[in-house]
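Fold and geometry: a report
Next come the chains, spelled out residue by residue.
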Amino acid sequence: MSPKVLMVAEKPSIALSIATVLSGGRISTRRGSTEVHEFDGKFMGVQSHIKVTAVIGHVFSVDFPPRYQDWNATDPLDLFQAQTLKNEANPKAHIRRHLSQEARGCSHLVLWLDCDREGENICFEVIECCGFDAKERAKNIYRARFSSVTEKDIMKAMGSLVYPNKNEALAVDARQEIDLKVGVAFTRFQTGYFQGKYGNLDARVISYGPCQTPTLGFCVQRYLHINTFKPEKFWVLHPCIIQKGYELKLAWVREKLFDLEVSRMFQKLVEDDGSVLVVNVFEKQETKSRPAGLNTVNLLKVASSALGYGPQLTMQLAERLYTQGFISYPRTESSAYPSSFDFRGALEVQKNNPHWGDYVQGLLASGYVKPHSGSDAGDHPPITPMRSANEEMLGYDAWKLYQYVCQHFIGSLSPNCKYIRKKVEFSAGGESFYCTGQHVTTQGFTAIMPWLAISEKSLPEFTKGEKLKLSRVELDEGATSPPDFLSESELISLMEKHGIGTDASIPVHINNICERNYVQVQAGRKLVPTALGITLVRGYQLIDPDLCLPDIRRFIEHQITLIAKGEADHSLVVEHVLHQFKEKFVFFVKQIENMDALFEAQFSSLSASGCPLCKCGKCLRYMKFIPSQPPRLYCGTCEEVHYLPQKGSIKLYKELACPLDNFELLLVSMPGPEGKSFPLCPYCYNNPPFEGIENLFGAGSGAPGSAKKPGKGAGMPCFLCPHPTCRYSLTSQGVCACPECSGTLVLDPVSTPKWRLNCNSCNCLVFLPEGAHRISTTRERCPECDSTIIEVDFNKNNTPLKDGATLHRGCILCDELLLSLIEMKYGKSTFKRFRGRGRGRGRGRGRGRGGNRNLDPKMSFRDF
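Reading the values: rules and limits
Residues numbered from 1 in each chain as written. Predicted model: local features only at pLDDT ≥ 70, side-chain atom pairs only at ≥ 80, totals over all residues. Heavy atoms only, no water. Pairing = 2+ DSSP bridges. Helix = DSSP H or I, 4+ residues; strand = E, 2+ residues; numbered from the N terminus. Axes fitted to C-alpha atoms, helices over the stretch in contact; angles between N-to-C directions. Phe/Tyr/Trp six-rings, centres within 6.5 Å; stacked < 30°, edge-to-face > 60°. Buried < 20%, exposed > 50% of the residue type's maximum accessible area, 1.4 Å probe, protein only. Disulfide = S-S within 2.5 Å. Contact = heavy atoms within 4.5 Å. Polar contact = N/O pair within 3.5 Å; in protein donor to acceptor, adjacent residues only side chain to side chain. 1 Å grid on protein atoms, 1.4 Å probe; cavity = no way out; pocket = protein on both sides within 12 Å on 5 of 7 lines; lining within 4 Å. Points joined across faces, edges and corners; volume = space filled by probe spheres on them. Nonpolar A, V, L, I, M, F, W, Y, C, P; charged D, E, K, R; others polar. pLDDT = per-residue confidence, 0-100. Salt bridge = Lys/Arg side-chain N within 4 Å of Asp/Glu carboxyl O. Expected span 1.5 Å × (residues − 1). Parallel < 35°, antiparallel > 145°, perpendicular 65-115°, else oblique. Left-handed = near helix turned anticlockwise from the far one by under 90°.

**As for the sheet that holds strand β24 (residues 677-680)**
Strand order in the open sheet made by the three strands is β22-β23-β24, with antiparallel pairing throughout. A single partner strand is all that each edge strand has here, and the edge strands are β22 (649-657) and β24. The sheet shows a mean angle of 30° between the axes of neighbouring strands, taken without regard to direction. Looking at chain direction, strand β23 (residues 664-669) and β24 are connected through four bridges and run antiparallel. Residue L667 lies in a different strand from β24, and its bridge partner there is P679.

Dropping the structure here:
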């Protein structure tokens with residue numbers, strides 16, 4: 001019996017490419033959590049049965065155990081010593097189970113994960129899932145190292161398999177644990193402290209991150225520089241001459257002076273002279289060097305400044321081009337090519353491209369030059385085009401990025417640009433002046449990268465010792481100006497210079513400070529900090545400047561690099577860094593009043609924010625609705641905050657009160673033409689009165705226990721409440737089981753005239769007879785399927801009933817008339833006739849009121 005080999009890639013599209021190349025296109029594919037491609041071929045010289053499948057990024061994510069998820073019950077300080085665990089990153093995909101099943105009976109495991117530290121970490125996640133972590137099986141684990149998904153690279157990687165690097169995987173583990181513990185501890189404390197006092201922060205969480213916050217610090221530092229800048233007047237002297245029909249405005253060697261009287265003195269001296277003397281004429285050949293190889297950081301900078309693409313979009317497009325085989329791996333710090341790189345082969349691929357094929361053919365005929373030596377980080381070669389493409393194949397955005405990658409690569413193999421630089425020096429009134437011109441002799445790489453071309457500037461002929469009459473002497477006034485707000489390109493350069501993040505994480509950190517409402521991206525991709533971002537950084541500067549400076553993160557990244565090289569112990573580094581941050585956290589908590597003083601000056605208190613909306617069930621006074629993120633109600637009398645769903649419009653619902661706590665009900669309408677509407681009680685939403693409610697509306701799915709605890713934006717609306725008599729509870733309004741999930745279809749109380757049922761767990765919608773005067777649930781149950789009988793009062797003008805009758809009762813699953821009149825829609829899929837499956841209704845059970853428990857809103861190391 002031939003041995004079985006399992007190969008695992010990082011993405012399904014890469015798995016398909018690998019299987020196609022290794023099998024020569026003779027594969028059979030079957031469905032699984034991700035597709036599995038099978039074929040027979042030789043592995044290590046032995047005829048084998050080979051299976052190729054994929055994960056979808058990280059299999060696991062790092063988080064705290066369930067007991068640390070409760071914001072109110074957990075002191076953030078305890079998080080520094082808390083244990084962490086690894087949960088499945090995407091539980092619904094069942095990747096862990098999929099890998100375990102596919103690995104059964106396999107004697108060898110080949111890992112085709114991306115060749116960076118994150119990929120190395122995923123390697124060991126896959127090894128654990130496949131059960132190859134036992135010592136006797138570890139010797140049969142292999143690692144393929146490749147930079148593109150071309151046939152040549154895949155075959156080369158297959159012929160030079162290595163073992164995965166445990167040290168690089170541990171380096172990622174260290175970073176994940178540090179970022180999670182530090183980020184969540186500071187974030188929980190800040191969020192709890194400030195959101196409980198101020199109403200117009202407009203941020204769901206007031207987050208901190210060891211990378212995110214120094215990134216914000218750069219933006220705020222530039223803002224403060226602009227705000228404190230004092231313009232200063234200056235004057236510049238410009239003698240003007242006419243030579244052979246050209247009028248030239250000469251430049252002053254002193255450039256500018258800040259004293260008007262002194263400037264006027266020099267102007268008079270020159271005017272009194274009346275002529276200028278040609279002191280010297282220089283001509284020199286200059287060279288503008290072709291670029292080195294393209295790395296990730298330079299790609300991000302060019303995409304932002306020239307194409308107007310944000311870092312996040314740029315990497316998404318680059319990833320897509322890579323997985324489709326058009327470019328090499330887009331995450332690399334290297335700008336130097338290995339000595340063995342096949343430049344001719346890469347150029348040959350582009351010689352028939354309609355846009356630059358002619359140029360490439362000329363380059364191949366005349367002889368290309370190797371790129372200038374850049375830096376070799378020891379990871380991947382620079383980003384290189386692997387296949388020829390056009391805009392129709394890629395789409396506009398991806399095409400513009402691909403076009404730049406190709407032009408940069410071809411330019412790096414082109415000759416340098418050469419030009420003659422001419423400089424003429426003059427003297428008048430004892431002062432020195434000059435003018436310059438330039439003439440291109442060899443275009444070189446600027447022919448394919450025209451935006452870097454040297455601008456031509458002609459000068460007339462001058463002779464040394466020649467005297468020329470002055471036509472006039474100008475004294476121009478100007479003023480110093482502040483720098484502009486940081487552009488994304490400038491921010492990326494600063495992050496690279498100071499060691500904030502990696503080529504892979506820089507886009508994430510920039511995206512985070514935008515999503516947290518700390519900065520806003522304005523015209524020209526300029527990053528303008530918001531009041532919240534400015535106040536936070538100024539607060540850190542008052543309490544502990546290290547918290548927003550890049551020095552600590554630079555040290556952490558250095559230590560992580562030592563772990564990756566095997567020169568530092570993973571656990572000792574984590575312990576040391578966490579101890580340092582714990583000390584800083586304790587000091588920060590003690591000094592928080594200093595930051596609070598800044599917040600008090602900038603933001604409104606809860607009592608001064610919002611507008612009255614509904615009555616509190618405890619004091620019967622009106623509570624204020626604060627619509628800014630996170631949406632919430634504030635009772636000034638009881639001094640209590642009640643969080644609401646994060647999306648949708650909110651209004652008072654008919655001044656009806658909850659029978660449990662007397663709070664007035666609210667109606668939430670989710671956005672979109674097919675968004676569901678539902679009532680909720682603000683108190684029950686935050687404090688579910690019944691145990692056993694397994695799924696909360698708006699709860700994140702990433703954190704342990706996130707489906708079972710209420711939090712900011714997550715809670716129990718009326719359509720989840722099992723109260724036996726309330727007319728808006730699941731018991732009263734629930735109709736039947738959802739055909740798409742384990743939830744219950746509930747009557748939307750305000751959907752008239754387009755009546756419908758909404759699932760209380762998923763996006764499933766069931767459209768009831770349109771135009772009916774009234775549709776309501778009854779207390780009767782269907783004897784066949786145990787669903788609730790509904791009552792429909794049809795419009796007399798279009799009633800489907802005989803003899804013009806309008807009132808009809810029936811089960812939507814069993815009544816033929818109703819079944820023929822309803823349609824189902826799930827998410828954005830097409831309409832189809834509804835055929836109910838399953839019987840009865842989902843029901844919550846339990847008793848007693850749970851405590852006020854706040855859920856960590858899906859915090860993970862990726863956010864920091």
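**With respect to the packing of aromatic side chains**
Tallied over the entire structure, the rule returns 36 aromatic pairs. Ring geometry for W112 versus F146: centroids 5.5 Å apart, planes at 55°, classification tilted. Linking W112 in strand β7 (residues 108-112) with F146 in the loop between β8 (141-143) and α5 (151-158), this pair joins segments that are 34 residues apart in sequence. Looking at W112, the relative accessible area reads 1%, which means it is buried. Taken together, a centroid distance of 6.0 Å and an interplanar angle of 35° make the contact between Y540 and F588 tilted. Note that Y540 is positioned in helix α17 (residues 531-543) and F588 in helix α19 (residues 570-590), a separation of 48 residues in sequence. With respect to class, Y540 is no different from F588; both count as buried. Counting every residue linked through ring pairs, the aromatic cluster contains F80, F186, F189, Y193, F194, Y198, Y208, Y540, F585, F588, F599 and F603.

**Some details on the state of the cysteines**
Here, disulfide denotes a covalent bond that connects the sulfur atoms of two cysteines. Using the criterion set out here, one finds zero disulfides in the structure. For the unlinked cysteine C658, the closest cysteine sulfur is that of C684, found at 3.8 Å. Distance from the sulfur of C785, which forms no disulfide, to the nearest cysteine sulfur (C811) is 3.5 Å.

**Remarks on helix α16 (residues 506-515)**
Among all positions of α16, only I506, P507, H509, I510, N512 and I513 are buried. Buried positions along α16 lie against α7 (212-228), α9 (296-307), α10 (311-323), α15 (488-498) and β16 (519-522).

**Considerations on the side chain of Q403**
Secondary-structure assignment places Q403 in helix α14 (residues 396-412). With relative accessibility at 17%, the residue Q403 sits in the buried group. A polar contact of 3.4 Å, which involves the side chain of Q403, links it to the side chain of K400.

**Let's talk about the layout of surface pockets**
A volume near 450 Å³ is recorded for the second largest pocket. Lining the second largest pocket we find 23 residues, and of these R727, S732, Q733, S776 and T777 sit closest to its centre. Among the secondary structure elements, those contributing two or more residues to the lining of the second largest pocket are β22, α22 (730-733) and β29 (774-781). The element that contributes the greatest number of residues to the lining of the second largest pocket is β29, accounting for eight residues. Across the lining of the second largest pocket, the residue classes break down as seven nonpolar, eight polar and eight charged.

**Structural notes on the confidence of the model for the protein**
A residue-level look at the protein finds 93% of positions with pLDDT of 70 or above and a mean pLDDT of 87. For the stretch residues 701-709, pLDDT sits under 50, and the model shows 29 contacts to residues farther than four places along the chain or on other chains. Predicted confidence is poor over residues 827-864, with pLDDT under 50, and the contacts of this stretch with residues over four places away or in other chains come to 139 contacts.

**Things to note about the pattern of salt bridges**
Applying the stated criterion across every chain yields a total of 41 salt bridges. For K11, the salt bridge identified is with E319, shortest N-O distance 3.4 Å. Linking K11 in the loop between β1 (4-9) and α1 (12-23) with E319 in helix α10, this pair joins segments that are 308 residues apart in sequence. Take K11 and E319: they sit in the same class, and that class is buried. As a salt-bridge pair, E431 and R254 come within 2.6 Å of each other at their nearest N and O atoms. Here E431, found in strand β14 (residues 431-442), pairs with R254, found in the loop between β11 (251-252) and α8 (260-273); they are 177 residues apart in sequence, far enough to count as distant. The network of salt bridges with common partners includes E118, R175, D179, R553 and E557.

**Points about the sheet that holds strand β21 (residues 640-643)**
Across the sheet, which stays open at both edges, the four strands sit in the order β18-β19-β20-β21 with antiparallel pairing between neighbours. Two strands bound the open sheet, and with one partner strand each, they are β18 (611-615) and β21. Strand-to-strand, the axes of this sheet are offset by a mean angle of 35°, without reference to chain direction. Pairing of strand β20 (residues 632-635) with β21 involves four bridges; the strand directions are antiparallel. When the sheet's bridge partners are listed, L633 is paired in β21 with H642.

**Some thoughts on α7**
A rise of 1.5 Å per residue sets the reference length of α7, with its 17 residues, at 24 Å; its end C-alpha atoms lie 25 Å apart and thus fit the reference within 8%. Restricting attention to buried positions, one finds in α7 the residues Q212, T213, P214, T215, L216, G217, F218, C219, V220, Y223 and I226. In this structure, the buried residues of α7 make contact with α15, α16, β16, β17 (526-529) and α17.

**Observations regarding unusual backbone geometry**
A negative phi holds for most residues other than glycine; trans holds for most peptide bonds. That bond from Q629 to P630 is cis: its omega, -10°, falls within 30 degrees of zero. By secondary structure assignment, the location of P630 is in the loop between β19 (622-626) and β20. The phi angle at E655 is positive, at roughly 55°, despite the residue not being glycine. Inspection of the secondary structure assignment puts E655 in strand β22. Residue classification places E655 among the exposed residues on the basis of a relative accessible area of 60%.

**With respect to the packing of helix α18 (residues 551-564) against α19**
Taken N-terminus to C-terminus, the directions of α18 and α19 make an angle of 165°; their axes are 9 Å apart at the nearest point. By the angle between their directions, the pair α18 and α19 is classed as roughly antiparallel. Relative to α19, α18 is oriented so that their crossing is left-handed. In this structure, α18 contributes I552, F555, I556, Q559 and I563 to the contact, and α19 contributes H570, V573, H576, V577, F581 and K584. Residues of the contact of α18 with α19, tallied by class, amount to seven nonpolar, three polar and one charged.

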